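Inside the fold
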Amino acid sequence: MKEINVEELHELMKNQTITLIDVRSKEEFDEIHAKDVKLMPLPQIESWVHELKPRENYYFICKSGGRSGIACKYLEKHGITQVTNVLGGTTAWVEAGFDVE
């Protein structure tokens, strides 16, 4: 599983379009989330895994990096191998002062 910190991710997002997926609960997501992120809660991973394309790159974020890491490992086992875990998660994103909604 690849990993990236929020500063590296933010720089990457300046230069290209990426798919950032938040795996927290809807309640957590509604409180605060990184701008331009898609919500796909981890407990429903089995229902949304089929929406992902095996050769596309996906970046996963949660509160601190734990649940997003679980999502990445699960997806790798199911043939979605271009996954990257965002270290520090939304907490680090907010602390860095990056755009949120």
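Summary of the structure given here.

What counts as what
Residues numbered from 1 in each chain as written. Predicted model: local features only at pLDDT ≥ 70, side-chain atom pairs only at ≥ 80, totals over all residues. Heavy atoms only, no water. Helix = DSSP H or I, 4+ residues; strand = E, 2+ residues; numbered from the N terminus. Buried < 20%, exposed > 50% of the residue type's maximum accessible area, 1.4 Å probe, protein only. Pairing = 2+ DSSP bridges. Contact = heavy atoms within 4.5 Å. Axes fitted to C-alpha atoms, helices over the stretch in contact; angles between N-to-C directions. Salt bridge = Lys/Arg side-chain N within 4 Å of Asp/Glu carboxyl O. Core = buried A, V, L, I, M, F, W, Y, C linked by side-chain atoms within 4.5 Å.

Quick look at the environment of Gly 66
In this structure, Gly 66 sits in helix 4 (residues 66–77). For Gly 66, a relative accessible area of 41% translates into the label partly exposed. As for Gly 66 and Trp 93, which are separated by 27 residues in sequence, their C-alpha atoms are 15 Å apart.

A word on the sheet that holds strand 5 (residues 83–87)
Read across the sheet, five strands follow the order 1-5-4-2-3 without closing on themselves; strand pairing throughout is parallel. Two strands lie at the open edges of the sheet, namely strand 1 (2–5) and strand 3 (38–39), each paired on one side alone. Note: strand 1 against strand 5, four bridges, orientation parallel. What sits directly across from Lys 2, in strand 5, is Thr 84. Contacts between helix 1 (residues 6–15) and the sheet are confined to strand 1, strand 2 (19–22), strand 4 (58–61) and strand 5, with strand 1 contributing the most and set at about 85° to the helix. Lying over the sheet, helix 4 contacts strand 4 and strand 5, oriented at roughly 170° with respect to strand 5.

As for unusual backbone geometry
Residue Asp 36 is not a glycine yet carries a positive backbone phi of 65°. Structurally, Asp 36 is set in the loop between helix 2 (26–31) and strand 3.

With respect to the pattern of salt bridges
Inspection of the entire model under this criterion finds six salt bridges. Its salt-bridge partner being Arg 24, residue Asp 22 comes within 2.9 Å of it at the nearest N-O pair. Its relative accessible area of 4% is what places Arg 24 among the buried residues. Lys 38 is the salt-bridge partner of Glu 51, the closest N and O atoms lying 3.8 Å from each other. On the criterion of sequence distance, the pair formed by Glu 51 in the loop between helix 3 (45–48) and strand 4 and Lys 38 in strand 3 is long-range, its members being 13 residues apart. The exposure class assigned to Glu 51 is partly exposed, which follows from its relative accessible area of 43%. By relative accessible area, which is 43% here, Lys 38 ends up partly exposed.

Quick word on the side chain of Thr 84
Looking at the secondary structure, you find Thr 84 in strand 5. When neighbours within four sequence positions are excluded, Thr 84 is seen to be in contact with Lys 2, Glu 3, Ile 4, Tyr 58, Tyr 59, Phe 60 and Cys 72.

A look at the nonpolar core
Ile 21, Val 23, Trp 48, Leu 52, Phe 60, Leu 75 and Ile 80 are the most contacted members of the largest nonpolar core, which has 16 residues in total. Looking at this core, the elements that each hand over two or more residues are helix 3, strand 4 and helix 4. In terms of residue count, helix 4 provides more of this core than any other element does, three residues in total. Residue contacts for Ile 21: discarding those within four places in its chain leaves Val 37, Lys 38, Met 40, Leu 52, Tyr 58, Tyr 59, Phe 60 and Ile 61.

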